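The chain contents come next:
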Amino acid sequence: MSNLAASLSMLQNISILFYLGKGIIFTLIISVIAVFVSIIFGSIFAAARNYCKKGYLKVFSFLSTLYIEIFRNTPLLLWIFICLVFCPAPHFFARKMLGLTSVEVKLLWKASVALILFTSSVLAEIVRGGLNSVAKGQFEAAKSQGFNIFETFIYIIIPQAFKNILPTLLSQIITTIKDSSYLANVAVIELMARVKQILASASNYNGTGLVHTSDVFVLFGFAMLIYFIINFSLSCIVRNIRRI
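Residues numbered from 1 in each chain as written. Predicted model: local features only at pLDDT ≥ 70, side-chain atom pairs only at ≥ 80, totals over all residues. Heavy atoms only, no water.

(A) Structural view of the overall build of the chain. Along the chain, the regular secondary structure elements total ten helices and zero strands. Start at the N end of the chain and walk to the C end: the helices and strands fall as α-α-α-α-α-α-α-α-α-α. Projected onto the principal axes, the alpha-carbon positions of the chain cover approximately 75 × 45 × 30 Å. Counting across all 244 residues of the chain, residues that qualify as buried make up 41%. (Helix = DSSP H or I, 4+ residues; strand = E, 2+ residues; numbered from the N terminus. Buried < 20%, exposed > 50% of the residue type's maximum accessible area, 1.4 Å probe, protein only.)

Pasting the structure below:
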């Protein structure tokens, strides 16, 4: 059996595929939570930075600007390690769940917080660009129709802003899914972490008793294919939505 054939045989092992499949699920869970929460926080920060310009409201604009610039201009990996050390884990996460140990669940929480903090700052600037693309006359038109400021944002400004930023927003969502692979550095059991764990013990699975270069190409090539399928499928879905 050649080294390549031995490496490919690992992908025929049902237990390995199941193990990697759980990693894919955790990657998607982390990414979906991070994107959803980050869109909410990012929209709040963007609105505060854009519109809190008068009186005591200026403090919200200053704090939003400070947050956005600090997190957007520093590496994600830095915040992952900072949250790993300093971020407390709620008691709810100090237990076994989802097939993970209590330690892994805590790490999952801390790493997810870092991903949300970082992604929120990037999405805030994207959303702010969308808000700036909406004509100021929309506010006056909404006011003339009896809308208050909250209703104006919810029903008029936000929908138009998000329609304008949809391609950029999709790009950042794809980036967030890829950035979830950074979490493998803190032993969070998502796809890349599981690939690295299998690679470390590939000699037990490829039938040769050794770890070969082909094992690296096969396992990381499999991970690359999964990321491509997820992100390309997402791109196609959003592209079709825009045509509607």
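(B) Fine view of the packing of aromatic side chains. Counting across every chain of the model gives seven aromatic pairs. Summarising the aromatic geometry, the rings of Tyr51 and Phe153 are spaced 5.2 Å apart at their centres and angled 70° between planes, so their arrangement reads as edge-to-face. Of this pair, Tyr51 sits in helix α2 (residues 14-51) while Phe153 sits in helix α7 (residues 149-164); the two residues are 102 residues apart in sequence, bridging distant segments of the chain. Given the relative accessible area of 31%, Tyr51 is considered partly exposed. Classification of Phe153 by relative accessible area gives buried; the value is 16%. When the ring centre of Tyr19 is taken as origin, the NZ or CZ atom of Arg194, which lies over that ring, is 4.3 Å away. (Phe/Tyr/Trp six-rings, centres within 6.5 Å; stacked < 30°, edge-to-face > 60°. Lys NZ or Arg CZ within 6 Å of the ring centre and 35° of its normal.)

(C) Local environment of the pattern of salt bridges. As enumerated under the stated definition, the model contains four salt bridges in all. Measuring nitrogen to oxygen at the nearest pair gives 3.1 Å for the salt bridge that ties Glu69 to Arg49. Placement of the pair is Glu69 in helix α3 (residues 58-72) and Arg49 in helix α2, with a sequence separation of 20 residues. For Glu69, a relative accessible area of 27% corresponds to the partly exposed category. Look at Arg49 and you get buried, because its relative accessible area is 12%. The structure contains a network of salt bridges with shared partners spanning Arg49, Glu69, Arg72, Glu125 and Arg128. (Salt bridge = Lys/Arg side-chain N within 4 Å of Asp/Glu carboxyl O.)

(D) Fine view of the packing of α2 against helix α5 (residues 102-133). Between α2 and α5, whose axes approach to 6 Å, the crossing angle comes to 45°. Judged on the interaxial angle alone, α5 and α2 are oblique. Relative to α5, α2 is oriented so that their crossing is right-handed. Residues that form the contact of α2 with α5 fall into these classes: 18 nonpolar, eight polar and three charged. (Axes fitted to C-alpha atoms, helices over the stretch in contact; angles between N-to-C directions. Parallel < 35°, antiparallel > 145°, perpendicular 65-115°, else oblique. Left-handed = near helix turned anticlockwise from the far one by under 90°. Nonpolar A, V, L, I, M, F, W, Y, C, P; charged D, E, K, R; others polar.)

(E) Highlighting the environment of Pro88. Of note, Pro88 is situated in the loop between α4 (76-86) and α5. A sequence separation of 22 residues divides Pro88 from Lys110, and the C-alpha atoms of the two residues are 7.6 Å apart.

(F) Spotlight on the side chain of Ser43. Looking at the secondary structure, you find Ser43 in helix α2. When residues no more than four places from it in sequence are discounted, the contact partners of Ser43 are Ser38, Val127 and Phe162. (Contact = heavy atoms within 4.5 Å.)

(G) Here's a closer look at the nonpolar core. Counting 62 residues, the largest nonpolar core has Leu20, Val188 and Leu191 as the members making the most contacts within it. Elements with a contribution of two residues or more to this core: α2, α3, α4, α5, α7, α8 (166-179), α9 (191-200) and α10 (213-243). The leading source of residues in this core is α5, at 15 residues. (Core = buried A, V, L, I, M, F, W, Y, C linked by side-chain atoms within 4.5 Å.)

(H) A nonpolar patch on the surface, seen in detail. Together, Tyr56, Leu57, Val59, Phe60, Phe62, Leu63, Leu66 and Ile70 give the surface a local cluster of nonpolar side chains, amounting to about 790 Å² of exposed area. Summarising the element assignment, Ile70 is placed in helix α3. (Patch = residues over 30% accessible without salt bridge, like charges linked within 9 Å, V, L, I, M, F, W, Y side chains within 5 Å. Areas by Shrake-Rupley, 256 points an atom, 1.4 Å probe, with all protein chains shown as cover.)

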